[in-house]
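Observations on chain architecture
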Amino acid sequence: MKVLVIGSGAREHALCRSLSLDPDVTALHCAPGNAGIAEVAELHPVDALDGAAVAALATELGADLVIVGPEAPLVAGVADAVRAAGIPVFGPSKEAAQLEGSKAFAKDVMAGAGVPTARSYVCTTPEEAEEALDAFGAPYVVKDDGLAAGKGVVVTSDLDAAKAHARACERVVIEEFLDGPEVSLFAITDGVTVVPLQPAQDFKRALDGDEGPNTGGMGAYSPLPWADPKLVEEVLQTVLQPTVDEMRRRGTPFSGLLYAGLAITSRGVRVIEFNARFGDPETQVVLARLRTPLAGVLLAAADGTLADLPSLRWSDDSAVTVVIASHNYPGTPRTGDPITGLDEVAAEDAPHAYVLHAGTKHDGDAVVSAGGRVLSVTATGSDLVQARERAYTAVDRIGLDGSQHRTDIAAKAAVGA
Ligand code: AMP
Ligand code: GLY
């Protein structure tokens, strides 16, 4: 199988790494990719947002499967362009990707499907926003309606800050605050059959102790020793399958990866958000534990044959990933700094620990930072304690001037707290 992956983050590196280990994959291509992905796939300098260019590349390569990693190309209709060229694609249509592209649309689908979520108002004027903020009280949750790379959400007890964020956005969703731990649960679907993956937990805030601003995600781990073993089945029945059924009923069937961001509240499971693609950095830990070769699973979703797929096989290992981010992330990051220690990790820590690249590129012989999240250092172990130790040992070998990372990824879960 010839596979083309679209995107350039650590999620795409994780996808490419798994695909490179899959015996069914005979050729692996990525556009545009990054310095790490270049080690396992052939890179093509094609704009991920340009559907016609992606479809032309897939046709030229004779790709049997195209996997669209990030949300922006999906919302721009890149999967539709590839599908129109007659090539199987893993990823939803532009219309179905609105499940992520518009929080108001997602709320409407959830209402139609009877999926439990936070009560909310969609507001377009400062007066409406103020009324909604008053109705719910603190802590306030204010979300930009459109795509914002995980940075459009403000959760605060400061009413002025909540109002200011609402004013800065054209359309906002204001909703009730959900307490309790968060879980990311991914499901692969062909629009009818839904196959859940293993749950993971993401660390969204920039700083240790869940302080600082929201980011795209600073680390993740899987499995979740503290979670109810029935959680996946419950979410399949109450969230994932009803949502996929509702999307089909509306004439916008959703195929690809349905990502449910969940809060486990004292009143039960609630959906915080849907995404229309693999999560980053959760994918790094979920795929680290998936034993079933990946390409056939994603092709079955693209082909509409998921019902025929045998059950997925999972490793009992635990996995942890720690994101190394540039100076000033999630603000405008500093880029162009050399990254050191990559060879040492490969020599000393493989195969249990490895470095997945996000914002990196080659500058001559050097690998330099090229984005906010730069690396996703991933490790497996027999439990979370061992996986953490291995991940942080590898993190300590990496040099990147001014960089930041959290030191508490999976720390509580590892000690059963
Ligand atoms: P989202 O982009 O919707 O995933 O939101 C980003 C982060 O904001 C989530 O992962 C939560 O940590 C937080 N958040 C979003 N909605 C809520 C809510 N209703 N209650 C509490 N926290 C929330
Ligand atoms: N880790 C959060 C996301 O992928 O949206």
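Placed above this text is the structure.
Quick look at the structure, then. Just so you know, these numbers come straight off a predicted model, no measurement behind them. (Residues numbered from 1 in each chain as written. Chains lettered and ligands numbered in written order. Predicted model: local features only at pLDDT ≥ 70, side-chain atom pairs only at ≥ 80, totals over all residues. Heavy atoms only, no water.)

**Side note on the state of the cysteines**
By the definition in use, this model includes 0 disulfides. Distance from the sulfur of Cys30, which forms no disulfide, to the nearest cysteine sulfur (Cys16) is 4.4 Å. (Disulfide = S-S within 2.5 Å.)

**Topic: the packing of helix H1 (residues 10-20) against helix H10 (residues 282-289)**
It is at 8 Å that the axes of H1 and H10 come closest, and there the two elements cross at 15°. Of the possible angle classes, the one that applies to H1 and H10 is roughly parallel. Here H1 and H10 pass one another in a crossing that is left-handed. For the pair H1 and H10, contact is made by Ala10, Arg11, Ala14, Leu15 and Ser18 and by Thr283, Gln284 and Leu287, respectively. A per-class count over the contact of H1 with H10 returns 4 nonpolar, 3 polar and 1 charged. (Axes fitted to C-alpha atoms, helices over the stretch in contact; angles between N-to-C directions. Helix = DSSP H or I, 4+ residues; strand = E, 2+ residues; numbered from the N terminus. Parallel < 35°, antiparallel > 145°, perpendicular 65-115°, else oblique. Left-handed = near helix turned anticlockwise from the far one by under 90°. Contact = heavy atoms within 4.5 Å. Nonpolar A, V, L, I, M, F, W, Y, C, P; charged D, E, K, R; others polar.)

**Examining the packing of aromatic side chains**
All chains considered together, the criterion is met by 5 aromatic pairs. Considering the side-chain rings of Tyr121 and Phe136, the 5.4 Å spacing of their centres and the 40° angle between planes classify their relative orientation as tilted. With Tyr121 in strand E6 (residues 120-123) and Phe136 in helix H7 (residues 126-136), this residue pair connects regions lying 15 residues apart in the sequence. When the ring of Phe203 is compared with that of Tyr221, the centres are 6.0 Å apart and the planes differ by 45°; the resulting orientation is tilted. Here Tyr221 lies in strand E15 (residues 219-222) and Phe203 lies in the loop between strand E12 (201-202) and strand E13 (205-207), a separation of 18 residues in the sequence. For the pair Phe203 and Tyr221, a shared accessibility class is recorded, and that class is buried. Grouped by ring-pair contacts, the aromatic residues Phe90, Phe186, Tyr259 and Phe278 constitute a single cluster. Positioned over the ring face of Tyr354 is Arg17, at 3.6 Å from the centre of the ring. Sitting over the face of the ring of Phe105, Arg250 holds its NZ or CZ atom 5.8 Å from the ring centroid. (Phe/Tyr/Trp six-rings, centres within 6.5 Å; stacked < 30°, edge-to-face > 60°. Buried < 20%, exposed > 50% of the residue type's maximum accessible area, 1.4 Å probe, protein only. Lys NZ or Arg CZ within 6 Å of the ring centre and 35° of its normal.)

**Things to note about the site of ligand 2**
Near ligand 2, the surroundings consist of Asp202, Lys204, Gly216, Tyr259, Asn275, Arg277, Gly279, Asp280, Pro281 and Glu282. Within the side chain of Asn275, an N or O atom sits 3.4 Å from an oxygen atom of ligand 2. A distance of 2.7 Å is found between an oxygen atom of ligand 2 and a side-chain nitrogen or oxygen belonging to Arg277. Taking 190 Å² as the accessible area of ligand 2 by itself, protein coverage stands at 91%. Looking at the shell around ligand 2 residue by residue, the class counts come to 2 nonpolar, 3 polar and 5 charged. (Near = heavy atom within 4 Å. Polar contact = N/O pair within 3.5 Å; in protein donor to acceptor, adjacent residues only side chain to side chain. Areas by Shrake-Rupley, 256 points an atom, 1.4 Å probe, with all protein chains shown as cover.)

**Examining a negative patch on the surface**
Taken together, Glu39, Asp343, Glu344 and Glu348 make up a surface patch of like negative charges. Within the secondary structure, Glu39 is located in the loop between strand E2 (27-32) and strand E3 (42-43). (Patch = residues over 30% accessible without salt bridge, like charges linked within 9 Å, V, L, I, M, F, W, Y side chains within 5 Å. Salt bridge = Lys/Arg side-chain N within 4 Å of Asp/Glu carboxyl O. Lys, Arg positive; Asp, Glu negative; His and termini not counted. Charge placed at Lys NZ, Arg CZ, Asp CG, Glu CD.)

**Observations regarding the packing of H7 against helix H8 (residues 159-168)**
Look at H7 against H8: their axes get within 10 Å of each other, and the N-to-C directions meet at 145°. In this structure, H7 crosses over H8, and the sense of that crossing is right-handed. In this structure, H7 uses Pro126, Ala129, Glu130 and Leu133 to contact H8, whose residues at the interface are Leu159, Ala162, Lys163, Ala166 and Arg167. Residues that form the contact of H7 with H8 fall into these classes: 6 nonpolar, no polar and 3 charged.

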